[in-house]
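Analysis of the macromolecular model
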Amino acid sequence: MTILCRCENIETSEGVPLFVTGVAQVKIMTEKELLAVACEQFLGKNVQDIKNVVLQTLEGHLRSILGTLTVEQIYQDRDQFAKLVREVAAPDVGRMGIEILSFTIKDVYDKVDYLSSLGKTQTAVVQRDADIGVAEAERDAGIREAECKKEMLDVKFMADTKIADSKRAFELQKSAFSEEVNIKTAEAQLAYELQGAREQQKIRQEEIEIEIVQRKKQIAVEAQEILRVDKELIATVRRPAEAEAHRIQQIAEGEKVKQVLLAQAEAEKIRKIGEAEAAVIEAMGKAEAERMKLKAEAYQKYGDAAKMALVLETLPEIAAKIAAPLTKVDEIVILSGDNSKVTSEVNRLLAELPASVHALTGVDLTQIPLIKKATSAQV
């Protein structure tokens, strides 16, 4: 039986949908046991039913294998792909008593132009390889041509180098000859110049000796002139200056001694005055102490009578101090009522007070203008 397997829009491992058509040749196995299996499976079925069962099995395995391969593996190695399908499907159909005689891939195509792109890629690769081959051939030809040119230039350069070497040797020989001639000429010129220099040196040496003699004489004259000027300066400047300096020094020393003596005399005067003042102060202090001592002894001896005498001695001073402000008062006005005794008391005090103060202190209060005016008004 010939069975046509079609798998449409089946994705490969890369996800590219393919349409694959395969052709299988199968038959019923003739071995007794396998024939019995086939009879068990297909007894009572026609040929088309047997084809459909085998077709379903083959298509199932074809689909599963397509999902594990790439487009390149399926398209470029169809025999291997068909062999793989046959090996995978043979055990299953064999258990049904069916034998796969052959399985081939009839057609593989797609509707997304993947396979055509592979062809273009391959075409581009072939075209690239061809271009590379042409370029490599042209390169090899260019290299060979360059090598030939190099060999030609090497020969030419060698010839030019030999010519240049010959020319350089000629120029060097010529330069050597010229150098030798120049050396001899220079030596002759140098000998002439050296001889002239020697003569000039002799002449210059004689001139220098003459200048040295003249310079020595001039130095001797200048030395005598220096001695003369020095003596003249000593006589006219140094000696008078030394005398004047000595005079000024003596005057300064005398003035210094004078100032020292004056200062010593002034200090002695101040010391004497201080000692005298100290003695006076000491004597006054002693006299005052003695007076106070005697007064204290008298006060102690006389007791209350002495103290009263001391008080009476100070009363005139106290009264004078009290009366001093009254001397500056022109008028005192005292206001009182009809029944007031202020006026009569004041009049009594003014009449009695001056006499009492005069008796105690000796101060006459009646001579004070204000009190004198008041007492006159009372009389």
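Rules and cut-offs
What you see as residue numbers is a count from 1 along each chain, following the sequence as written. Note on the predicted model: pLDDT of at least 70 is required for a residue's local features to be given, and 80 or more for side-chain atom pairs to be given and counted; whole-chain, interface and lining totals, by contrast, use all residues. Side-chain numbers come from the whole structure's heavy atoms, not from hydrogens or water. UniProt positions are given in the numbering used here, feature names are shortened, and annotations may be inferred rather than shown by experiment. Helix numbers and strand numbers start at the N terminus; a helix is a DSSP run of H or I with at least 4 residues, a strand a run of E with at least 2. Relative accessibility decides the category of a residue: with a 1.4 Å probe and only protein chains considered, values under 20% of the type maximum give buried, values over 50% give exposed, and everything between is partly exposed. What makes two residues a contact is simply this: any of their non-hydrogen atoms within 4.5 Å. Accessible surface is estimated by sampling points in the Shrake-Rupley manner with a 1.4 Å probe; for residues, cover comes only from the protein chains shown. Only a pair of cysteine sulfur atoms within 2.5 Å counts as a disulfide in this structure description. When DSSP finds at least two bridges between two strands, those strands are taken to pair. The axes are straight lines fitted to the C-alpha atoms, using for helices just the contacting stretch, and the angles between their N-to-C directions are given from 0 to 180°. To qualify as a nonpolar core, a set must consist of buried Ala, Val, Leu, Ile, Met, Phe, Trp, Tyr and Cys residues joined through side-chain atoms within 4.5 Å. Expected helix span is computed as 1.5 Å times (number of residues minus one). One fitted axis covers the seven residues ending at a residue, a second covers the seven starting there, and the bend at that residue is the angle between these axes. Exposure above 30% relative accessible area and no salt bridge define the residues that can form patches, which grow by joining like charges within 9 Å and nonpolar side chains of Val, Leu, Ile, Met, Phe, Trp and Tyr within 5 Å. Each reported salt bridge corresponds to a side-chain nitrogen of Lys or Arg within 4 Å of a carboxyl oxygen of Asp or Glu. Roughly parallel means an angle under 35 degrees; roughly antiparallel means over 145; roughly perpendicular covers 65 to 115; every other angle is labelled oblique. Crossings are classed by handedness, with left-handed meaning an anticlockwise turn of the near helix from the far one by less than a right angle and right-handed meaning a clockwise turn.

- The name that an unreviewed UniProt entry assigns to the protein chain is Flotillin, with the source organism given as Equus przewalskii.
- Per UniProt, the comment on the protein chain under Subunit (unreviewed entry) is "Heterooligomeric complex of flotillin-1 and flotillin-2 and caveolin-1 and caveolin-2. Interacts with ECPAS."
- Word for word, the UniProt comment on the protein chain under Sequence similarities (unreviewed entry) is "Belongs to the band 7/mec-2 family. Flotillin subfamily."

**Here's the deal with the overall build of the protein chain**
- For the protein chain, the helix and strand inventory stands at eight helices and three strands.
- In sequence order, the secondary structure elements of the protein chain are arranged as β-β-α-α-α-α-β-α-α-α-α.
- Across the 379 residues of the protein chain, 15% fall into the buried class.
- Pairs at least 24 apart in sequence give 66% of the contacts found in the protein chain among residues at least 6 apart.
- For the protein chain, the exposed area adds up to about 28700 Å²; of that, 60% sits on carbon and sulfur atoms.

**Thoughts on the state of the cysteines**
- Counted under the stated rule, the structure contains zero disulfides.
- Unpaired in terms of disulfides, Cys 5 finds its nearest cysteine sulfur in Cys 7, a separation of 7.0 Å.
- With a relative accessible area of 0%, Cys 5 lands in the buried category.

**Re the sheet that holds strand S3 (residues 98–109)**
- Reading across from one edge, S1-S2-S3 is the order of the three strands in this open sheet, with antiparallel pairing throughout. Pairing within the sheet leaves two strands with one partner each, and these edge strands are strand S1 (2–11) and S3. Neighbour to neighbour, the strand axes of the sheet diverge by 25° on average, direction disregarded.
- Sitting on the sheet, helix H4 (residues 78–94) touches strand S2 (17–28) and S3, and the angle it makes with S3 is about 145°.

**With respect to the pairing of S1**
- In the sheet, S1 pairs with S2 via eight bridges, with the strands oriented antiparallel. Bridge assignment links Ile 3 to a residue of S2, and that residue is Ala 24.
- A loop of five residues connects S1 with S2, the two strands running antiparallel in sequence, and Gly 15 in this loop sits at a positive phi of about 85°.

**A closer look at the nonpolar core**
- Val 20, Val 54, Leu 66, Phe 81, Ile 98 and Phe 103 are the most contacted members of the largest nonpolar core, which totals 31 residues.
- At the level of secondary structure, the elements contributing two or more residues to this core comprise S1, S2, helix H2 (47–66), helix H3 (71–76), H4 and S3.
- Setting aside anything within four residues of it in sequence, one finds Val 20 in contact with Cys 5, Arg 6, Cys 7, Leu 62, Leu 66, Phe 81, Ile 105, Asp 107 and Val 108.

**Structural notes on the side chain of Thr 57**
- With respect to the secondary-structure elements, Thr 57 resides in helix H2.
- Relative accessible area serves as the criterion here: at 19%, Thr 57 is assigned to the buried category.
- Dropping the residues within four chain positions of it, Thr 57 is found in contact with Asp 92, Val 93 and Met 96.

**Here's the deal with H4**
- The end-to-end C-alpha distance of H4, which contains 17 residues, comes to 23 Å, matching closely the 24 Å that a straight helix rising 1.5 Å per residue would cover.
- In H4, a bend of some 30° at Val 88 exceeds every other bend along the element, and Pro 91, a proline, comes one to four places later.
- The complete set of buried residues in H4 reads Phe 81, Ala 82, Val 85, Ala 89, Val 93 and Gly 94.
- On its buried side, H4 packs onto S2, helix H1 (32–42), H2, H3 and S3.

**Notes on a nonpolar patch on the surface**
- A surface patch of nonpolar side chains, amounting to about 300 Å² of accessible area, comprises Met 152, Leu 153 and Phe 157.
- Among the secondary structure elements, Met 152 is positioned in helix H5 (residues 114–302).

**Quick notes on the packing of H2 against H4**
- In the contact formed by H2 and H4, the axes pass within 9 Å of each other and the chain directions differ by 135°. If you check the angle between H2 and H4, you find them oblique. At the point where H2 passes H4, the crossing takes the right-handed sense. Facing Val 54, Thr 57, Leu 58, His 61, Leu 62, Ile 65 and Leu 66 of H2, the residues of H4 in contact are Phe 81, Leu 84, Val 85, Val 88, Ala 89, Asp 92 and Val 93.

**Notes on the pattern of salt bridges**
- Enumeration over the complete set of coordinates arrives at 15 salt bridges.
- Notably, a salt bridge pairs Arg 271 with Glu 268, separated by 2.1 Å at the nearest N-O pair. In this pair, Arg 271 and Glu 268 both sit in helix H5, three residues apart, roughly one turn of the helix.
- With a relative accessible area of 34%, Glu 268 lands in the partly exposed category.
- Among the ionic pairs, Glu 275 bridges to Arg 271, the shortest N-O distance being 2.5 Å. With Glu 275 and Arg 271 both in helix H5 and four residues apart, this pair spans about one turn of that helix.
- Ionic contacts of the salt-bridge type, sharing partners, join the residues Glu 268, Arg 271, Lys 272 and Glu 275 into one network.

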